[in-house]
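Structural description and commentary
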Amino acid sequence: MKLLILDRDGVINHDSDAYIKTLDEWLPIDSSIAAIARLSRAGWTVAVATNQSGLARGYYDLATLDSMHARLRELVAEQGGEVGLIVHCPHGPNDGCDCRKPKPGMLQQIATHYGVSLSGVWFVGDSRSDLDAALAVDCQPVLVRTGKGERTLSMPLPAGTLVFDDLAAIAAQLIH
Ligand SMILES: O=P(O)(O)OC[C@@H](O)[C@H]1O[C@@H](OP(=O)(O)O)[C@@H](O)[C@@H](O)[C@@H]1O
Ligand SMILES: [Mg+2]
Ligand SMILES: [Zn+2]
């Protein structure tokens, strides 16, 4: 199974240090939408693992989060693709959950859903916590320069991390 797992904010849509609190604030990275559709059409299953501490912080509710993900699905479907399982961590940094990245709980949930091993599966993120979550379960850590990627790049990366400009470059690499 060709499985690719993506972080959301900063990879699929533009991120904000003020959180993405409304559907109107959820602005897709256009080339990322096209990349997801291209990967899907090429037989890849594209899943999403996203920290959403804004829920625990009371910045937005689950209905708002779901509306963002419905919009994502619509945009990809308009280009003939589909988005797979989207898993989010609703907890805050001090809640001690098992799903908030850098913990790998969401990645493990995705692997269980699809009945596959995570070993070598590419997990694409813009933050160090994404890379560390990948390493915790033997995924291939992949950093994009979009979102917080340049900030993440300003510090040493885990050995073996792959770096791409954006998700479109990753799709070009995987589909050849
Ligand atoms: O990149 P993903 O995992 O899809 O989502 C990140 C968001 O949940 C938010 O995560 C927050 O981190 P804290 O949760 O406050 O540490 C901040 O980095 C926000 O800027 C960001 O929008
Ligand atoms: Mg992110
Ligand atoms: Zn959690």
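Here's a quick rundown of the structure. Remember, it's a predicted structure, so these values are computed and weren't measured experimentally. (Residues numbered from 1 in each chain as written. Chains lettered and ligands numbered in written order. Predicted model: local features only at pLDDT ≥ 70, side-chain atom pairs only at ≥ 80, totals over all residues. Heavy atoms only, no water.)

1. Looking at the overall build of the protein chain
To keep things clear, this is the line we draw: Per the convention used, a helix needs a DSSP run of H or I reaching at least four residues, while a strand needs a run of E reaching at least two, with both numbered from the N terminus. Throughout, radius of gyration means the C-alpha value; the globule benchmark is 2.2 Å times the number of residues raised to the power 0.38. Type-normalised accessible area, obtained with a 1.4 Å probe on protein chains alone, sets the label of each residue: buried when under 20%, exposed when over 50%, and partly exposed for intermediate values. Whether two residues are in contact is decided by their heavy atoms: any pair within 4.5 Å suffices. Each accessible area is a Shrake-Rupley estimate made with a 1.4 Å probe; only the visible protein chains count as cover when residues are assessed. Positive charges are assigned to Lys and Arg, negative charges to Asp and Glu, while His and the chain termini are left out of the count. Throughout, a charge is located at the NZ atom of Lys, the CZ atom of Arg, the CG atom of Asp or the CD atom of Glu.
In terms of regular secondary structure, the protein chain is built from 7 helices and 6 strands. Each helix (α) and strand (β) of the protein chain, taken in turn from the N terminus, gives the series β-α-β-α-α-β-α-β-α-β-α-β-α. On C-alpha atoms alone, the protein chain measures out to a radius of gyration of 15 Å, which is about the 16 Å that the 2.2 N^0.38 rule sets for 176 residues. When the 176 residues of the protein chain are sorted by exposure, 49% land in the buried category. Restricting to contacts in the protein chain with at least 6 residues of sequence separation, those with at least 24 account for 60%. Entry remark: accessible area of the protein chain is about 7900 Å², with carbon and sulfur atoms responsible for 50%. Where the 15 positive side-chain charges of the protein chain centre and where its 21 negative ones centre are 2 Å apart.

2. Here we look at the environment of Q173
Here Q173 lies in helix α7 (residues 167-174). Setting aside its immediate chain neighbours within four residues, Q173 contacts W122 and F164.

3. Here we look at the nonpolar core
Rule in force here: Residues enter a nonpolar core if they are buried and are Ala, Val, Leu, Ile, Met, Phe, Trp, Tyr or Cys, with the set joined through side-chain atoms within 4.5 Å.
Core analysis: the largest hydrophobic core is formed by 32 residues, its most contacted members being I12, I36, L72 and I170. Broken down by secondary-structure element, the contributors of at least two residues to this core are β1 (3-6), α1 (30-41), β2 (45-51), α3 (62-78), β4 (122-125), β5 (140-144) and α7. Counting residues per element, this core draws most heavily on α1, at 5 residues. When neighbours within four sequence positions are excluded, I36 is seen to be in contact with L6, I12, V46, L72, V76, V83 and L167.

These figures capture arrangement, not role.
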